[in-house]
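Chain by chain, the residues run as shown.
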Amino acid sequence: MIRLLPAKGGHWSGALLSVLVATVATVVISAILLAFLTDKPVRTLWELLTYTMQGGTPAVQWGKALSEGFYLAVIALGLSVGYKAGVWNIGAEGQFAAGAIGAYLTWLVLGAPVTVAVMPFLLLGGVLGGMVWAAIPAALRAHLNTNELLVSLMLVYVATNLLTYLVQSPLQGCAPALDAAGNQVGCIPYSPAQSEKLPSVLRFGPLVFGTSASSGASIGTKIHSGLLVLGGAYFVVAAILLFTLIGFRLRVAQSSAKAERFAGFSSAVTIWLSFMISGGLAGLTGAVFLMAESFSLTVGGAFLSNLGFAAIVIAFLGRLHPVGILAAAFAIAYINSGASWVASQPELRADDSVAGFIEAIALFCALATAALSQRRLIWKKEAASHG
Amino acid sequence: MVDLTYWLALLVTVLNYATPLLIAAIGVLIVEKSGVLNLGVEGMMIVGAMVGYVAGSYLDTASCKLMGFDGVTCLQFEGSLTIPGYIAAFLLAGVAGAALASLFALMTQVFNANHVATGLGLTILGLTLTNGFGPDAKDMRVESVANILPDAWVDLPVIGRLLGTDLLTYLSFAAAVASLYFLSRTRLGMLVRAAGENHHAAHAIGYPVRLIRVGTILFGGFMAGIAGAYISLVQLEAPTWREGMTAGAGWLALALILFSTWRPLRVVLGALLFGLAFSLELRLQTMGWMPSWGVQFILPSLPYLVPVLVLVIISRNSAMIRANQPGSLAEPFSPSS
C-alpha cells in the first residue's frame, strides 16, 4: 500500500504529489464554480482551455498568453528571492511603475534621441527606477528595522500617485492646435492625460505576425522583441540563484538566521540583495511594457494592470523555484488569456472575473497542499508495513 | 480668537476617516494577539464594503415591510436607509467578512498553510470577488443613512456636527476600550493571549489553541467587514460603491497595529493620526500656497506616507516591540508536531 511518511527538508515524491493534488483540486473547484457563473459551463471550459484555436489565428492568441507569462515570470522570480529569505516585498506593482517612469525619464534626460542605440539605456533606466523604489523599504528594513511588507505596499499607492501627477503636469503630452489658416497656435492636452509617445524606432516590434480575424489583414502579435530581453534576464537571474554563491547565501538565509550569520552573511546584505533583485526585475518589466505595449505613460490606474500583485501569486504557485515559477506564470497567463477570450464571447455570457477566480483557487489549492511536499511517498507491501 | 467651528469640522473629518481604520484594527489586534497574522484585511474590507452597500440598497423598503407596514407606507423610505436596515446591512457585511475569514481559518488552522501567503491570497481573492460582482451594484442607490441621535441635538450650533457623527464612530471607541478590558481582564482574553504568546505551552496545558484561533480569525473578519461597510455606506457624502474603494485602508489597519505595538489605547491614537493624514489632503488642497507637485502628488500620498514615517519612528525602539509582540505570531501550529 501507499504510505506518506514525514521527510524533513522535503522529498521529490511528496512535491510531485502536492502539485498533482493541487492541480486536480483546482480543475474540479474551477469547473464547479464555472457551472454557477455561466450558462454553458462545459462549452465555456472547453473554449477557455482551447482558446488558442478559437477565433483569430493561433499566433495572435498565443501571443497574449506568452507576453503576459513573461511579465509575470520575471517579476515573480525577483519576488521569490526575498520570499525564500523571509524578506517580504509585496510592492512590485509600484516598482513596475517606477521602472516605466525611470525608462521614460532616461529617454528625456538623454535629450529625447530618436535612435535604436539608446534602447539599452532605457532598459537600464527601468532597472534603476525599480531599484530606487525598492531601495526605500530595503533601507528602512535593513537600517531602521521598519516592516518592509507594509512599507513596500504603501509605496505602491505613492507610485500610482506619482505616475498620475507626472502625466497630468510635467510630462503631459498634447496635440497641436491649429488656427483656421493651419498654423499651430498652441497645444491641446490629451484626454485622458498621457505623456508623448516614444518614437517608433524605440519600440519593441512584433517578432511574429498573424492575420486579423475580422479583416484578414496581417497584424503584429504580442510576441515582441522585448520578450527576448525578459527571457534573457530570467535565464541569467535564475542561473545566478541556482548555481552561484549569491544564490546559496540567499538559500541559507531561508533556513535560519543563525546559520546565515555562521556562514558569514549579514541579514542587512540579504535584505538589500532581495530588494535590489526584485525591484530591478520589476523595473525592467515596467520598462519593457512601456516600450512594447503602452508607448506612453498614462495615469496610474490605467497604466497598471495588477501584474505586480498577480506575480505574488505566481511566486507561491511556483513554490519559489525558478522552474516552477516559469511553469506557473505561463499556466496562469494562458488561463487569463483564455478567460478574457471567453468573456469577450457574448453568447457564453461569462464574466471577466473568471480568470481571477481560477487564479485565487489555484493559489489556495497550492498553499493547502504545500505541507505534502514535506512528506515522502513510499510503496510498501501490506505485510511489510506491519513488521 | 480660536476658530472653534473650523477645528470641530476638522475633528469631524478626522473621526470619519479614523472610524473604519479603528474598527478593522481592533479586529486585527485580537487576531494577532492570538498568534495569527492575517494579511487579508484589505480583501475582507472590500467585500464588506460591497455587501454592505448592496444590502443597504435592497433593505430600504424591505425592513419597513418586515415590520408589518404596508407597501404604500413603506414607499416613503425608498432610497433611504432606516435604522433596522442600517443595522442589518452592517451585520451582513460583517458576516461576509467572517465568511472570507473562514477560508483563511481553514487554510492556516487545518492545512497549516503559510500565514503571509494565505493572507495575501485572501486580499487578492477579495478584490477579485468584488471586481466580478461590482458592476451589478452600480445602478442601485441609497440616499441617506439613518441618524441615531435626536434631530434637536444634531441641530445644535457648533457642537451639533460632532454629535451628528455616525453611531459606529461612538461604538468604535467603545470597542477599543472593550478590547483592552477583554485582553487584560477576562478569562477568554487571557486564553487568546496564551495561544498567541506560546502555542506549545498553551496546548500542553490543555487549551484548544486552534479553536481559539479560528474564533479570533472569524472575529477579525467580522470587524473588517463592518469597517468596509462604513466606507461604502457612511464615509462619503452619500452611500457609494466603487471597485477598490477601500484604497489600502485594510493595510493601514495592519500598520496601525505595528504602530500601537499591540496596545489597544495606542490603536486609538494611531487611528486618529492616520485619519488626520486623510483630512489634511482635503484641508490643504484649498489653501493655494502649495506648488502643483505638492497638491497633485504629495497630498494624495499623505495617507500612505504618514504611516511609513510613524512606523520608522516606532520601529527604532525594538525593545518596545519585543515587549508586546505575541511570541508565536504567524507561526503555523499543529498539535501533533
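Observations concerning the overall build of chain A
In terms of helices and strands, chain A carries 15 helices and six strands. Burial analysis of chain A (387 residues in total) assigns 51% to the buried set. Restricting the contact set of chain A to residue pairs at least 6 apart, pairs at least 24 apart contribute 73%. Looking at chain A as shown, the accessible area adds up to about 16900 Å², and 69% of this sits on carbon and sulfur atoms.

Comments concerning a nonpolar patch on the surface
Together, A:Val24, A:Val28, A:Ile29, A:Ile32 and A:Phe36 make up a nonpolar patch on the protein surface, roughly 510 Å² of accessible area in all. By the secondary structure assignment, A:Ile29 is in helix H1 (residues 12–37).

Considerations on the nonpolar core
Within the largest apolar cluster, 179 residues are counted, with the highest numbers of intra-cluster contacts made by A:Tyr83, A:Leu297, A:Phe303, A:Phe316, B:Phe90 and B:Trp251. In terms of residue count, helix H6 (residues 148–168) of chain A provides more of this core than any other element does, 14 residues in total. Beyond its immediate chain neighbours, meaning those up to four positions away, A:Leu297 contacts A:Ala100, A:Ile101, A:Tyr104, A:Leu163, A:Val167, A:Leu171, A:Gln194, A:Ser195, A:Leu290 and A:Phe303. With twelve residues, the next largest nonpolar core counts A:Leu34, A:Leu48, A:Val354 and A:Ile358 among its residues.

Focus on the packing of helix H12 (residues 249–260) of chain B against helix H13 (residues 264–285) of chain B
Residue and element names in this part refer to chain B. Put simply, H12 and H13 touch, their axes get as near as 9 Å, and they point 130° apart. Of the possible angle classes, the one that applies to H12 and H13 is oblique. Where H12 crosses over H13, the two elements pack in a sense that is right-handed. Contacts between H12 and H13 involve Leu-252, Ala-255, Leu-256, Ile-257, Phe-259 and Ser-260 from the former and Arg-266, Val-267, Leu-269, Gly-270, Ala-271, Leu-273, Phe-274 and Phe-278 from the latter. In terms of residue class, the contact of H12 with H13 is built from eleven nonpolar, two polar and one charged.

A look at the pairing of strand E3 (residues 184–189) of chain A
The side chains of a regular strand alternate, residue by residue, between the two faces of the sheet. All names here are of chain A. Among the six residues in E3, zero count as buried, and that is only a small part of the element. Alignment of strand E2 (residues 174–178) against E3, held across five bridges, turns out to be antiparallel. By the bridge assignment, Leu-178 is partnered in E3 with Gln-184. The hairpin turn running from E2 into E3, its antiparallel successor, is five residues long, and Gly-182 in that turn takes a positive phi close to 90°.

A closer look at the interface of chain A and chain B
Tallying the contact residues gives 34 residues for chain A and 40 residues for chain B. Its largest share of buried area at the contact with chain B, chain A owes to A:Met154, A:Tyr165 and A:Phe364, together 20% of the area lost on that side. Where chain A meets chain B, there are zero salt bridges. At the level of secondary structure, the elements contributing two or more residues to the side of chain A that touches chain B comprise helix H5 (119–144), H6, helix H12 (307–317) and helix H14 (354–368) of chain A. It is H6(A) that contributes the most residues to the side of chain A that touches chain B, eleven residues altogether. In the side of chain A that touches chain B, the residues fall into 25 nonpolar, eight polar and one charged.

Focus: helix H4 (residues 83–110) of chain B
Over its 28 residues, H4(B) runs 39 Å from end to end, which matches the ideal 40 Å to within 8%, given 1.5 Å per residue. B:Asn112 lies just past H4(B) and shows a positive phi near 55°.

Remarks on the pattern of salt bridges
Residue and element names in this part refer to chain A. Counted by the stated rule, this structure contains two salt bridges over all chains. Put simply, Glu-148 and Arg-141 hold a salt bridge, and the shortest N to O gap is 3.0 Å. Glu-148 sits in the buried class, given a relative accessible area of 4%. The closest approach of N and O atoms between Glu-293 and Lys-222, which form a salt bridge, is 3.5 Å. Placement of the pair is Glu-293 in helix H10 (residues 267–294) and Lys-222 in the loop between strand E5 (218–220) and helix H7 (226–243), with a sequence separation of 71 residues. Judged by its relative accessible area of 24%, Glu-293 falls in the partly exposed class.

Overview of the side chain of B:Ser179
Residue and element names in this part refer to chain B. Take Ser-179: it is sitting in helix H8 (residues 167–185). Side-chain polar atoms of Ser-179 contact the backbone oxygen of Ala-176, separated by 2.7 Å. Those residues within four positions of Ser-179 in sequence are excluded, and the remaining contacts are Ile-26, Leu-29, Ile-30 and Pro-264.

Focus: the environment of A:Ser218
Tracing the backbone shows A:Ser218 in strand E5. Look past the residues within four positions of A:Ser218 in its chain and what remains in contact with it is A:Phe209, A:Gly210 and A:Thr211.

Points about unusual backbone geometry
Residues and elements named next belong to chain A. Positioned with a positive phi, Asn-306 is a non-glycine residue whose angle comes to about 65°. One can find Asn-306 in the loop between helix H11 (300–303) and H12. The phi torsion at Leu-320 lies on the positive side, around 60°, for a residue other than glycine. Within the secondary structure, Leu-320 is located in the loop between H12 and helix H13 (322–343).

What counts, and where the lines are drawn
Residues numbered from 1 in each chain as written. Chains lettered and ligands numbered in written order. Predicted model: local features only at pLDDT ≥ 70, side-chain atom pairs only at ≥ 80, totals over all residues. Heavy atoms only, no water. Helix = DSSP H or I, 4+ residues; strand = E, 2+ residues; numbered from the N terminus. Buried < 20%, exposed > 50% of the residue type's maximum accessible area, 1.4 Å probe, protein only. Contact = heavy atoms within 4.5 Å. Areas by Shrake-Rupley, 256 points an atom, 1.4 Å probe, with all protein chains shown as cover. Patch = residues over 30% accessible without salt bridge, like charges linked within 9 Å, V, L, I, M, F, W, Y side chains within 5 Å. Salt bridge = Lys/Arg side-chain N within 4 Å of Asp/Glu carboxyl O. Core = buried A, V, L, I, M, F, W, Y, C linked by side-chain atoms within 4.5 Å. Axes fitted to C-alpha atoms, helices over the stretch in contact; angles between N-to-C directions. Parallel < 35°, antiparallel > 145°, perpendicular 65-115°, else oblique. Left-handed = near helix turned anticlockwise from the far one by under 90°. Nonpolar A, V, L, I, M, F, W, Y, C, P; charged D, E, K, R; others polar. Pairing = 2+ DSSP bridges. Buried area = accessible area lost by both parts, 1.4 Å probe. Expected span 1.5 Å × (residues − 1). Polar contact = N/O pair within 3.5 Å; in protein donor to acceptor, adjacent residues only side chain to side chain.

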